[in-house]
Amino acid sequence: MGQKQLDKLDEKILKLIAENARIPFLEVARECNVSGAAIHQRIQRLNDLGVIKGTEYVFDACKIGYNTCAYMGIFLRDANDFQDVVNELYKIPEVVECHYTTGEYAMFVKIYAKNNREFLSLIHEKLQAIKGISSTETIISLNEAFKRQIPISDIASDDTDLDDPDSKD
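Residues numbered from 1 in each chain as written. Predicted model: local features only at pLDDT ≥ 70, side-chain atom pairs only at ≥ 80, totals over all residues. Heavy atoms only, no water.

## A few points about the side chain of Lys 110
No. 1: Tracing the backbone through its elements, the reader meets Lys 110 in strand β3 (residues 107–113).
No. 2: It is Glu 144 that comes nearest to the buried, bridge-free Lys 110 among opposite-charge side chains, at 4.1 Å.
No. 3: Those residues within four positions of Lys 110 in sequence are excluded, and the remaining contacts are Cys 69, Ala 70, Tyr 71, Glu 94, Val 95, Val 96, Glu 97 and Glu 144. (Helix = DSSP H or I, 4+ residues; strand = E, 2+ residues; numbered from the N terminus. Buried < 20%, exposed > 50% of the residue type's maximum accessible area, 1.4 Å probe, protein only. Lys, Arg positive; Asp, Glu negative; His and termini not counted. Salt bridge = Lys/Arg side-chain N within 4 Å of Asp/Glu carboxyl O. Contact = heavy atoms within 4.5 Å.)

Okay, structure coming up:
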């Protein structure tokens, strides 16, 4: 597969939309000194390449009633159970992230619950019922200090192969 490099214009577009996902394309065009059509084409290309993975609204979990945020390291009975466990975890809406990891755990998940009692119920009724999980270790978050996008800098000169999911990312 051919290597598709990002250029300085892509980098500037990504910086602008990372700072404000709702910025109008015409404002991005003005900042980049190109036409609105060029910005539309570039953003479509970045979507097609998978550089931009979509857009979303970010909710304040506490304001919509999810007061418990926890991270859970999961140990598997057998490494071959990984995909089956992922499929079962995906069926639980409160599990919002799942990562395949190195180190102690086979995977690491982020979970939201309305409160600690509901979180305990979630563990007992849904998570412990998943075949393939041997044990878990849980860390409850007391407060999210910050969350941000990855920095957009000097990506245009990077040797990132956008066709290779194992390339620098």
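## Some remarks on the sheet that holds strand β4 (residues 133–141)
No. 1: Spatial strand order, β2-β3-β1-β4: four strands in an open sheet with antiparallel pairing. Edge positions in the sheet fall to β2 (95–100) and β4, since each of these pairs with one other strand and no more. With strand direction ignored, the average angle separating the axes of adjacent strands in the sheet is 20°.
No. 2: Here strand β1 (residues 68–76) pairs with β4 via eight bridges, running antiparallel. Residue pairing across strands places Ile 74 opposite Thr 136, the latter belonging to β4.
No. 3: The strands touched by helix α4 (residues 82–90) are β1, β2, β3 and β4; relative to β3, the strand with the most contacts, the crossing angle is about 10°.
No. 4: Across the face of the sheet, helix α5 (residues 116–127) comes into contact with β1, β3 and β4 while running at roughly 25° to β1. (Pairing = 2+ DSSP bridges. Axes fitted to C-alpha atoms, helices over the stretch in contact; angles between N-to-C directions.)

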